[in-house]
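The lines below spell out each chain.
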Amino acid sequence: MVCEMETDHQIDEMDVEVLSSMWPEDVGGTEPDNQFNVEKPAGDSDTLKEVDIAEKRTMADLKRLPELMNTTDQGSSQLTNLVKQWEYMQDHAVRLLREELKILTKQREEAEAKELKIIEEHNFETEEPENVPVLDESSDLFRRFKEKKSDALVGRKRIEVDEEFDTVAYWKQKALSLEKMLEASTERERRLIEKLNESLKTMESHSAPVEELTQNLKRAEGFLHFILQNAPIVMGHQDKDLRYLFIYNKFPTLREHDILGKTDVEIFHGGGVKESEDFKREVLEKGKASKREITFETDLFGSKTFLIYVEPVYNKAGEKIGINYMGMEVTDQVRKREKMAKLREDNAVRKAMESELTKTIHITEETMRAKQMLATMSHEIRSPLSGVVGMAEILSTTKLDKEQRQLLNVMISSGDLVLQLINDILDLSKVESGVMKLEATKFRPREVVKHVLQTAAASLKKDLTLEGNIADEVPILVVGDVLRIRQILTNLISNAIKFTHQGKVGIKLKVIPEPSFASDNTLNADAQEQNGMAETSVWIRCDVYDTGIGIPENALPCLFKKYMQASADHARKYGGTGLGLAICKQLVELMGGQLTVTSQVNLGSTFTFILPYKVATANDHSDDQEEFSDMVDHQPEPDDTTEGYFQFKPLLGSIYSNGGPVISNNFLPHKVMLNSPVKLINGFVDNTGQSEAVQVENGDYMDEARHETRSGHCPEYENGNGPCPSKESESCSSSQASSEMESELTVSSPREDVKTEPEVRETIKQPNILLVEDNKINIMVAKSMMKQLGYTFDIANNGVEAITAINGSSYDLVLMDVCMPVLDGLKATRLIRAYEESGTWDAAVEAGVDTKKLENKQLHVRSTNRLPIIAMTANTLAESSEECYANGMDSFISKPVTLQKLKECLQKYLH
Amino acid sequence: MELVQMQKSLQDYTKSLFLEGVLDSQFLQLQQLQDESNPDFVSQVVTLFFQDSDRILNDLSLSLDQQVVDFKKVDPHVHQLKGSSSSIGAQRVKNACVVFRTFCEQQNVEGCHRCLQQVKQEYYLVKNRLETLFKLEQQIVASGGVIPAMELGF
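Basis of the calculations
- Residues numbered from 1 in each chain as written.
- Chains lettered and ligands numbered in written order.
- Predicted model: local features only at pLDDT ≥ 70, side-chain atom pairs only at ≥ 80, totals over all residues.
- Heavy atoms only, no water.
- Helix = DSSP H or I, 4+ residues; strand = E, 2+ residues; numbered from the N terminus.
- Buried < 20%, exposed > 50% of the residue type's maximum accessible area, 1.4 Å probe, protein only.
- Contact = heavy atoms within 4.5 Å.
- Areas by Shrake-Rupley, 256 points an atom, 1.4 Å probe, with all protein chains shown as cover.
- Buried area = accessible area lost by both parts, 1.4 Å probe.
- Salt bridge = Lys/Arg side-chain N within 4 Å of Asp/Glu carboxyl O.
- Polar contact = N/O pair within 3.5 Å; in protein donor to acceptor, adjacent residues only side chain to side chain.
- Disulfide = S-S within 2.5 Å.
- Pairing = 2+ DSSP bridges.
- Axes fitted to C-alpha atoms, helices over the stretch in contact; angles between N-to-C directions.
- Parallel < 35°, antiparallel > 145°, perpendicular 65-115°, else oblique.
- Left-handed = near helix turned anticlockwise from the far one by under 90°.
- Core = buried A, V, L, I, M, F, W, Y, C linked by side-chain atoms within 4.5 Å.
- Phe/Tyr/Trp six-rings, centres within 6.5 Å; stacked < 30°, edge-to-face > 60°.
- Lys NZ or Arg CZ within 6 Å of the ring centre and 35° of its normal.
- pLDDT = per-residue confidence, 0-100.

(A) Here's a closer look at the overall build of chain A. The helix and strand inventory of chain A stands at 32 helices and 20 strands. The buried share of chain A, reckoned over its 911 residues, is 43%. Residue pairs at least 24 apart in sequence account for 70% of intrachain contacts in chain A once pairs closer than 6 positions are excluded. As displayed, chain A has an accessible area near 49,400 Å², and 54% of this comes from carbon and sulfur atoms.

Here is the structure:
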């Protein structure tokens, strides 16, 4: 059985982990002990004696252990047991002997009885030997006796009598044989008695129990060893000071003197030792056996966990004299258990996370769907709505009476409001879905501020002062997404104006050190690096302040939330979509900045946003002064680029003051532009040489106003053929200034322009002009206009032809249509600019422009002067001025081209 | 007397075209460009416009009647027509083209069809009006009169 178990264990321990010895097998310095430390049991162990016993595993204090055995119940019970067993065995032997004796006695008795009978028989025979027939019965009796006797004495030989029955010879013979038998029987009896005596003698000599007891003890010990030999068990006895008296299966390197008489703490060092000691003490004190799992972390055997059983030991008087303890190594089990627990825990955590994730995914999906739906819906609404607004605008160009026109204006402005709302929503979802792309362009912050304020001033119908204040240290030229920044500024300014009824609204710019939130914000670094330039970056803080109604503190938190306004009352009173600030915030954050607000009710609010910009180098500045100018047709005045303060008074008060040092005019820009601009220009040219800029600025200002109010479909403002259906309802419905200006227009005569022609013509030599235009009618009209202005020009029908023409000869000015077949104006301009920079048409060739024509003239390299390219745009969204600048154009004329616009442009670029 | 009346009616007629929004100030630009060296400039341009527009409208009708409308073909036509009409001051045609283009952008076939009708309508209106205008002018010239300078007195 055991053997089978052992082999089983060795051969197919598939599911059971190999149970290595509790202690390491190769512990240094274990040689002397190890040689006796047989790890495997002998193969065949049917009898206990054949088991090889590793005696040395046990270590005992031989002096004190016997004493212990004598003094404790456990010890004495063992001895008692052994004694009892011996006594029982002696009893048994005595009983056996007695039984044998009994049998022998019985046999003797029988033998004697038989002898007696034979004698009696013999007597009878001698008395009446003839009387045999009479004694038939007796012979029967005798026969019966004989039979009985033979039954009793099994194995006895039958007495063979050869002589004839009932003769004298017969009887003699019989008596003789019987005598012999008796003799034999007596002899046997004697032998038996002898044997009995002998047996009794040996019994006496065997009576000393020591040998047997030793044998028994050995067996018991052997049995224990046999069972415990490979078990990961250590057991021992410790006295009440917890000093070891006995230990079984101690750690191999420890010697007797290392353990016996010592406590755990003295033997081992490390984690768990103290705990086990305390536990043992506890058991000793409480007097109650108990179990505990303790993990040891000792230098000696590393990390092992033992399940320890400790029981108190009492002497016969019932006093505690120590403890027995048994430890089973359960490290693997504990590890497994812990692993299981951990797995279970992990599992639970994973499950929780999974469900959480599923929830989140679900929510996200829902949100995405909702957003997607919003975007889709917005788009779906926008399409028919632009149809409605478009048609309404067409309708407004027809003959209408006053009331109809008013109704129509309301209709258009409402439609525009809805369009704006939808555009805002689309903007928002663009930012949120990450579709919004930022562009890095150079721009002048001062101009942007000035521009935004100018634009705001245009539609201002309150008595407010708009001011801009830019600190000196703010760079003249920075790189950023000027479109978005303008969008934010415009939004904040229009908000400020909306909620301010008196006082002022302004923009303040200053440079600040890098804010703390940005230093770990890699996003903004990325945003800046997109540019790929190595300029230093600068953080500019922009405050948009007002002296308006302010925002109550409790409304501040939801201010930047979508569709939220400070209160429902405000929403009704002031209108608006409630999306503006949310968009601003998102845009600012997209650019790596921060938008905050401070406000005091009735005193005003300040919206502050800080953004990082790259500083464009001074070199770039001088080179590209024109290219990235944010102003339309604007030639910066010498002081303008560095000017730090602007102020705009409302148009109502007919005061328009530019804080510039040279110009301070009190006039209505509308009038100036629409009335007789040429005259004005000439007048100013004579006087200051600066007025051109002023005039153009004003014209630009008008364009910007249109642009900012998103009047892409708006008929030409200058036409005056009807009230301008501007998007801003207020400017449409009640601007007296604009109706005034319309009436002014009727007085102006185009002929005035013509009168000035000769002067212009005289001052200008014949320049080379290239008109790039695909529309025959446009060409025809432009040609006629040019003729009137005294210019001639070459014609190219598309971008490719333009490039070919520019390659072929030197031009002073290019008028470029934006939307053309084959190669549009924007691309053509980019290619021309690339040519100017590199001196080769490689970029154009790459773009697929016919190379042969270009190669021929490859050496005809132009001067490094920048060729002025004027865009002719249809003023649609797709052909925005911003895009023209971005593609390297210098300025633009909105279509349809008028004589006046053309002349202004030519005058500006051809001297 | 008859000539004066004709001149007056020409003026009134022209004025009505502006008031109805059929023409805008760009047309005045054309008239300004017409001088002794180029006496028929306006009618030349307008005639060119008619030729061009007839062709474009024809192309547009064909394109939009296709099973699958290729908006990449449609849009340039509309753009062209918008540019031309804008250049001669055919304001209502131009405005209709603006709307037309938004539908092209949205690839809205239905809307494009509607817009084409609108554009055609506006185009025939302006064509009709301008032809009448030229007839009046011719009559005046034939009667030995001078075409009065246009003024925008409204």
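There's plenty left to go through after this.
(B) Fine view of the interface of chain B and chain A. With 42 residues of chain B at the interface, the matching set in chain A holds 36 residues. Roughly 3,600 Å² is buried in total at the junction of chain B and chain A, and carbon and sulfur atoms are behind 56% of that figure. Joining chain B to chain A, the criterion identifies 1 salt bridge. Among the salt bridges present, the one from aspartate 52 of chain B reaches lysine 776 of chain A, with a minimum N-O distance of 3.8 Å. Connecting chain B to chain A are 7 residue pairs in polar contact (both at pLDDT 80 or more).

(C) Here's a closer look at the pattern of salt bridges. All names here are of chain A. Per the counting criterion, the structure on display carries 29 salt bridges over all chains. A salt bridge links arginine 190 to glutamate 194, with the nearest nitrogen and oxygen atoms 2.6 Å apart. In this pair, arginine 190 and glutamate 194 are both assigned in helix H6 (residues 168-206), 4 residues apart and thus about one turn of the helix distant. Assessed through its relative accessible area of 40%, arginine 190 is described here as partly exposed. A relative accessible area of 43% places glutamate 194 in the partly exposed class. Within this structure, Glu187, Arg190, Arg191 and Glu194 form a network of salt bridges that share partners.

(D) The state of the cysteines, seen in detail. All names here are of chain B. The full count for this structure, using the stated rule, is 0 disulfides over all chains. Considering cysteine sulfurs only, cysteine 115 is the nearest to cysteine 97, which forms no disulfide, with 9.0 Å between them. Accessibility expressed as a relative area gives 0% for cysteine 97, which makes it buried. For the unlinked cysteine cysteine 112, the closest cysteine sulfur is that of cysteine 104, found at 3.9 Å.

(E) How the structure looks around the pairing of strand E3 (residues 244-248) of chain A. Residues and elements named next belong to chain A. With respect to burial, E3 is a largely interior element, 4 of its 5 residues being buried. Note: strand E2 (residues 233-239) against E3, 4 bridges, orientation antiparallel. Residue pairing in the sheet places glycine 236 in a bridge with isoleucine 247 of E3. The turn linking E2 back onto E3 is made up of 4 residues, and leucine 242 within it adopts a positive phi angle of 60°.

(F) Structural view of the packing of helix H13 (residues 445-458) of chain A against helix H14 (residues 482-498) of chain A. All names here are of chain A. The contact between H13 and H14 brings their axes to 10 Å, and the two run at 40°. In terms of axis orientation, H13 runs oblique to H14. Crossing of H13 over H14 shows right-handed handedness. Contacts between H13 and H14 involve Val448, Val449, His451, Val452, Leu453 and Ala456 on the former and, on the latter, Val482, Arg486, Leu489, Thr490, Ile493 and Ile497.

(G) Focus on the sheet that holds strand E17 (residues 794-796) of chain A. Residue and element names in this part refer to chain A. Spatial strand order, E17-E16-E18-E19-E20: 5 strands in an open sheet with parallel pairing. Edge positions in the open sheet fall to E17 and strand E20 (891-894), since each of these has one partner strand only. Sheet twist, expressed as the average angle between the axes of neighbouring strands with direction ignored, equals 20°. Judged from the 4 bridges that link them, strand E16 (residues 769-772) and strand E18 (residues 813-817) form a sheet pairing that is parallel. Each residue of the ladder has a partner; that of leucine 770, found in E18, is valine 814. Its contacts with the sheet put helix H27 (residues 799-808) on E16, E17 and E18, and the angle it makes with E16 is roughly 165°. Across the sheet, helix H28 (residues 825-838) is in contact with E18 and strand E19 (869-873); its angle to E18 comes to roughly 150°.

(H) Quick peek at the nonpolar core. Leu815 of chain A together with Phe100 and Leu130 of chain B are the most contacted members of the largest nonpolar core, which has 72 residues in total. Formed by 52 residues, the second largest nonpolar core is a distinct cluster that contains Val482, Ile485, Val538 and Phe609 of chain A.

(I) Molecular detail of the packing of aromatic side chains. As enumerated under the stated definition, the model contains 11 aromatic pairs over all chains in all. The interplanar angle of 50° and the centroid separation of 6.0 Å between the aromatic rings of phenylalanine 49 of chain B and phenylalanine 50 of chain B together place this pair among those described as tilted. One exposure class covers both phenylalanine 49 of chain B and phenylalanine 50 of chain B, and it is buried. An aromatic cluster of at least three residues, connected via ring pairs, comprises Phe268, Phe296, Phe301 and Phe306 of chain A. In this structure, lysine 280 of chain A packs its charged tip against the face of tyrosine 325 of chain A, placed 3.9 Å from the ring centre. The residue whose ring lies beneath lysine 127 of chain B is phenylalanine 50 of chain B, and the NZ or CZ to ring-centre distance is 5.6 Å.

(J) Local environment of the confidence of the model for chain B. Confidence along chain B averages 85 in pLDDT terms, with 95% of residues attaining 70 or more. Under the prediction, the complex receives an ipTM of 0.84, its pTM being 0.34.

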